[in-house]
Amino acid sequence: MSTTASNIELVKNTFPVTGMTCASCANSVETILSYTDGVKSASVNFASNSVLVEYDPSQIQPEGLNEALTAIGYGLVVTDGNSEEAGEKAQQEYYEEVKKRTIGAAILTLPIFILGMFFMDWEPGKWISMVLAIPVLFIFGKSFFVNALKQAKYGKANMDTLVALSTGIAFVFSVLNTLFPEFWTERGIMPHVYFEAATVIITFISFGKLLEEKAKSNTTTALKKLMGLQPKSLKAIIDGKEKEIRISEVQKGYEIIVRPGEKIPVDGSVISGSSFVDESMISGEPVPVEKKEKDAVFAGTVNQKGSFHFKAEKVGSETLLSQIIKRVQEAQGSKAPVQKLADKIAGIFVPTVILISIITFGAWMFFGGDEAFTHALLTSVTVLVIACPCALGLATPTAIMVGVGKGAENNILIKDAESLELAHNVNAIVLDKTGTITAGKPSVSNEKWLSEELRKDFSPILLAIESKSEHPLAEAVSKHLVESQVNKSKIQNFQSITGKGAKAEDESGMTYFVGNQRLLESEGISISNEFEKKANQWKSEAKTVIYFANKNELLAVLSISDEIKPSSKKAIEELKNQKIDVYMLTGDNQQTAAEVAKQVGLTDFRSEVLPSDKSEFIKDLQSQGKVVAMVGDGINDSEALAQADVSIAMGHGSDIAMDVAKMTIISSDLEAIPKALRLSKMTVHGIHQNLFWAFIYNLIGIPIAAGLLYPINGFLLDPMIAGGAMAFSSVSVVLNSLRLKGKKL
């Protein structure tokens, strides 16, 4: 959801689309929806036969969107249930329909083809071919003509227009030659019929469409796997009794039972019992996680041996699994910048081809000699047949879908196509320290007080201040003090000081400060030699030092350690080997930052930076012409993530960081970053290969179809061979994209 300036909530939904047969169709659907009142944006994904629509529900409902499309021959699958399931069902039904049409066309086309190729001078053969061709064109190939007429009604043209024109002209010409052969014989020309060309074109294109639909369904396997993680039903306690209900019936607050081996249906927290849960689909970690009372559990994860009851807290589209599915789906439906160019080309492609066909006909009539009309008709028909905008339209979305799916399989969630396309150009990466390079699980490792007596007196105040702070280091101090049996004091006037720490007053009005060295300096509190020596020692061990003081003196120093992830050093080394500049930014002190940087092999780092400093640092790099990726996990990283060209969030981090970022590393493993960059490179190479072949195919095919080689060697391309080539071009593009699935990251 997003909110406009006038506080109207816009709804963003993905709907399956019916009736699309080519890239020009996708362009038509997108144009119609984009200009429909109440729609803010529409993005069609031809590869998944779906459209992502952002609309104002106060102005238009899904039924209204469907009405707008029905008028031009398309439709939206509107359902109260699962739109993914509905889309899959519609796609399966369409596949079965295309399959029947293809088989029917092929059975009748075979005898027409044999008669046309081997018994072309047998007079009854022409009549048999005409009778058999009628159902091929107007029953099994009916959709081409119906869709072409609907497009023509609105002044539009698509692939169906090309097929209908080419096969329709070839059929009418052949019927006239069968019924009135004397028109040609009187002029000393043998009357040819092209029933086999018309029917083979229909069959080939239907077969190509069949293969295309099959291949397109394979590009969404990652999404289907994610959807398959959620069970269809569950057992809940309702009115004191255990009942089995559908997943769609679950409401927040329900008590749900999970037994050994079952999948957890929604997000929630354990209220009784304990077990170990396999959370590898979320964290990437193979070791099951222990779950006891108050621990969070997530939809799609698998319970191991124990049983427990948990309270449903996030249901339906709110669950982490649903959010993951939504991000993958939106990314697969989003458009890379290169696709927008391909869409524009596809939009003007069909009218251009029709114009070329007319010019071809005219040129042959003028320069064609004795058989000018026959050659003019054949070449103009062949131009219409061989030109296919489908390969062009499929080039980008199929590669993007496979790339996004492959990313999801490798714990890399990609929010949009633009970041996937841009990531391979990244030449500078900025890493946050805590939670990105380090594990993000800080714990107090040392503490030193002025005296043991002061420790007893002031620990409760320190606990009270740190309990109110949201900083992860404050949480570590709170946890340590609670475990040390410290009871919380009452405090007042708590105030968080950005980039420095926090302050508060006790009941007597005395002010206390907790934070870094800069906080003490700003308040004019001195540090004794003994404390300074101990703090420097801890800093040299890559520990973070927390200072606790009142207005008069420093009372204690505590050290907090955060282990460096085992994968960090290797990942940074790999990025540097790819000629990428790697920087570390942290709010931590200089000594700790230097020690962490040293351990992971980094020379470029900045310490004691504020959230705004991170954003400014990225701006500086961008002003030097660098394409910058930012990797972070906290709310304090969100500004920098928004500024970066490619933003990557670590999966265990804050919701805000993950919302801002265009990519999320679910496993929090830094080695996934080089994988994400390699995935981008592979996907972009796939797109470029697809576009190259789509353009080359038309660049070479259209002139040959127009008869360019005829003056040189007398070669004219047969329309039915052109139909086969045209079908193969689309299939080859999809198959080339699917090659990505087999590649290793």
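Residues numbered from 1 in each chain as written. Predicted model: local features only at pLDDT ≥ 70, side-chain atom pairs only at ≥ 80, totals over all residues. Heavy atoms only, no water.

The chain is annotated in an unreviewed UniProt entry as P-type Cu(+) transporter from Algoriphagus machipongonensis. Under the UniProt heading Subcellular location (unreviewed entry), the note attached to the chain is "Cell membrane". Per UniProt, the comment on the chain under Sequence similarities (unreviewed entry) is "Belongs to the cation transport ATPase (P-type) (TC 3.A.3) family. Type IB subfamily." (UniProt positions renumbered as here; feature names shortened; annotations may be inferred.)

Before going further, it helps to spend a moment on the side chain of Ser357. Following the sequence through the fold, Ser357 ends up in helix α12 (residues 337–367). If near-sequence neighbours (up to four positions away) are discounted, Ser357 is found in contact with Ser380, Val383 and Leu384. (Helix = DSSP H or I, 4+ residues; strand = E, 2+ residues; numbered from the N terminus. Contact = heavy atoms within 4.5 Å.)

The next thing to look at is the environment of Trp449. Along the chain, Trp449 turns up in strand β17 (residues 443–449). A sequence separation of 107 residues divides Trp449 from Ala556, and the C-alpha atoms of the two residues are 4.3 Å apart. In this structure the side chain of Trp449 is engaged in a polar contact, spanning 2.7 Å, whose partner is the side chain of Glu447. (Polar contact = N/O pair within 3.5 Å; in protein donor to acceptor, adjacent residues only side chain to side chain.)

Another aspect to go through is a nonpolar patch on the surface. Among the surface-exposed residues, Leu110, Ile114, Phe118, Phe119, Trp122 and Ile128 lie close enough to one another that they form a single nonpolar patch of about 620 Å² accessible area. Here the nonpolar patch takes 3 residues from helix α3 (residues 83–118), the largest share from any one element. By the secondary structure assignment, Ile128 is in helix α4 (residues 123–140). Looking at Ile128, the relative accessible area reads 37%, which means it is partly exposed. (Patch = residues over 30% accessible without salt bridge, like charges linked within 9 Å, V, L, I, M, F, W, Y side chains within 5 Å. Areas by Shrake-Rupley, 256 points an atom, 1.4 Å probe, with all protein chains shown as cover. Salt bridge = Lys/Arg side-chain N within 4 Å of Asp/Glu carboxyl O. Buried < 20%, exposed > 50% of the residue type's maximum accessible area, 1.4 Å probe, protein only.)

What follows deals with the nonpolar core. The nonpolar side chains of a soluble globular protein tend to be buried with one another. With 49 residues, the main nonpolar core has Ile429, Ile437 and Leu670 as its most contacted residues. Of the residues forming this core, the biggest block, 8 residues, is contributed by helix α26 (residues 672–705). When residues no more than four places from it in sequence are discounted, the contact partners of Ile437 are Leu431, Asp432, Ile564, Lys565, Ser568, Ile572, Met584, Val596, Val600, Leu602 and Leu670. (Core = buried A, V, L, I, M, F, W, Y, C linked by side-chain atoms within 4.5 Å.)

A few words now on the packing of aromatic side chains. The full count for this structure, using the stated rule, is 12 aromatic pairs. On the basis of an interplanar angle of 20° and a centroid distance of 6.0 Å, the ring pair of Tyr512 and Phe548 is categorised as stacked. Taken together, the positions of Tyr512 in strand β20 (residues 511–515) and Phe548 in strand β21 (residues 544–550) put the pair 36 residues apart, joining distant regions of the chain. Just as Tyr512 is buried, Phe548 falls in that class too. Measuring from ring centre to ring centre gives 5.1 Å for Phe692 and Trp693, while their planes differ by 75°; the resulting arrangement is edge-to-face. (Phe/Tyr/Trp six-rings, centres within 6.5 Å; stacked < 30°, edge-to-face > 60°.)

Here we take up the UniProt feature "transmembrane region" (unreviewed entry) in the chain. The sites that carry the UniProt feature "transmembrane region" (unreviewed entry) are, in the present numbering, residues 102–120, 126–149, 161–180, 192–211, 345–367, 373–396, 691–710 and 716–738. Across residues 102–120, helical content stands at 89% and strand content at 0%; the span's end C-alpha atoms are separated by 25 Å. For residues 691–710, the end-to-end C-alpha separation is 28 Å, with 80% helix and 0% strand making up the annotated structure.

Once that is clear, we can look at helix α5 (residues 142–153). The end-to-end C-alpha distance of α5, which contains 12 residues, comes to 17 Å, matching closely the 16 Å that a straight helix rising 1.5 Å per residue would cover. Restricting attention to buried positions, one finds in α5 the residues Phe144, Phe145, Asn147, Ala148 and Gln151. Count one or two residues on from α5 and you reach Gly155, which has phi positive near 70°. (Expected span 1.5 Å × (residues − 1).)

Judged by pairing direction, the sheet is antiparallel, and its 6 strands sit side by side in the order β17-β22-β21-β20-β19-β18 without closing on themselves. Here the strands that pair on one side only, and so sit at the sheet edges, are β17 and β18 (492–497). Sheet twist, expressed as the mean angle between neighbouring strand axes with direction ignored, is 15°. As judged from the 6 bridges shared by β17 and strand β22 (residues 554–561), these two strands associate in the antiparallel manner. Residue pairing for β22: Val444 is matched across the bridge by Ile560. (Pairing = 2+ DSSP bridges. Axes fitted to C-alpha atoms, helices over the stretch in contact; angles between N-to-C directions.)

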